[in-house]
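# Per-entry structural report
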Amino acid sequence: MTTTSPVRQIRDISGLLDHASHVLATRMAAAFTELGITPRAYCVLFHAQETERTQIQLAELADLDKTTMVVTVDELEKAGLAERRPSATDRRARIISVTEAGERAVVEGTAIADRVHRELLDSLPQPEREVFVSALTHLVGGLLAEPVESERTVRRARRARGHHA
């Protein structure tokens, strides 16, 4: 018995988004080597600089598991970019404080992230740039805002959800 494969009626959007996300992440990681940190470390520094936040709060914002967060903060401390300090409001909690060198890294990292994103947008025809960003923003603020429950676990790389890097 010969069967024919079904013909897709709609483009494989999952495959396109997965590929685009992976390639963009590699471009971002390569660009951040100029600064000597990872996009993940930049994301943590960026959010730590905004306001006093605990390691747990930063892990949530950067979408990092506990172990990855500890390793990231260890790297930031070793590089002199951040320090763990007791919280002023809860002595049991530790906040991540950005050093002066860390503040400079955030400024430089923001320029790097903006450059990589600008290169991406500049690769599109001018009329499509705003439409592309608007459509993605609409999707992640709507239908694709939160994962849905499933009997099967969907595994994905733990990384920032496009927060800043």
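### A short note on the pattern of salt bridges
Scanning the entire structure with this criterion turns up 10 salt bridges. For Arg-27, the salt bridge identified is with Glu-119, shortest N-O distance 3.7 Å. Of this pair, Arg-27 sits in helix α1 (residues 13-32) while Glu-119 is found in helix α5 (residues 100-122), placing the two residues 92 residues apart along the sequence. A residue is classified by how much of its surface remains accessible, and Glu-119, at 38% relative accessible area, is partly exposed. One salt-bridge network, in which partners are shared between bridges, spans Arg-27, Glu-34, Arg-115 and Glu-119.

### Section: the confidence of the model for the protein chain
Taken as a whole, the protein chain shows an average pLDDT of 91; of its residues, 93% reach a score of 70 or greater. Model confidence for the protein chain, summarised as mean pLDDT per element, is weakest for helix α3 (residues 55-62) at 92 and strongest for α5 at 98. Scored below 50 in pLDDT, residues 158-163 makes 13 contacts in the model with residues more than four places away or belonging to other chains.

### With respect to the packing of aromatic side chains
Each aromatic ring pair is summarised here by two numbers: the centre-to-centre distance and the angle between the ring planes. Following the criterion strictly, the structure yields 2 aromatic pairs and no others. A ring pair is formed by Phe-32 and Tyr-42, whose centres lie 5.2 Å apart and whose planes are at 40°; its orientation type is tilted. Within this pair, whereas Phe-32 is found in helix α1, its partner Tyr-42 is found in helix α2 (residues 39-50), the two being separated by 10 residues in sequence. For Tyr-42, a relative accessible area of 1% corresponds to the buried category. Joined through ring pairs, the aromatic side chains of Phe-32, Tyr-42 and Phe-46 make up one cluster.

### Thoughts on the nonpolar core
Counting residues in hydrophobic clusters, the biggest one holds 27 residues, and the most contacted among them are Phe-32, Ile-37, Tyr-42, Val-44, Leu-45, Met-69 and Leu-76. If you list the elements that add at least two residues to this core, you get α1, α2, α3, α4 (66-78), β2 (94-98) and α5. With 7 residues, the single largest contributor to this core is α2. Phe-32 has contacts with Ile-37, Thr-38, Pro-39, Tyr-42, Gly-109, Ile-112 and Ala-113, leaving out every residue within four places of it along the chain.

Parameters and conventions
- Residues numbered from 1 in each chain as written.
- Predicted model: local features only at pLDDT ≥ 70, side-chain atom pairs only at ≥ 80, totals over all residues.
- Heavy atoms only, no water.
- Salt bridge = Lys/Arg side-chain N within 4 Å of Asp/Glu carboxyl O.
- Helix = DSSP H or I, 4+ residues; strand = E, 2+ residues; numbered from the N terminus.
- Buried < 20%, exposed > 50% of the residue type's maximum accessible area, 1.4 Å probe, protein only.
- pLDDT = per-residue confidence, 0-100.
- Contact = heavy atoms within 4.5 Å.
- Phe/Tyr/Trp six-rings, centres within 6.5 Å; stacked < 30°, edge-to-face > 60°.
- Core = buried A, V, L, I, M, F, W, Y, C linked by side-chain atoms within 4.5 Å.

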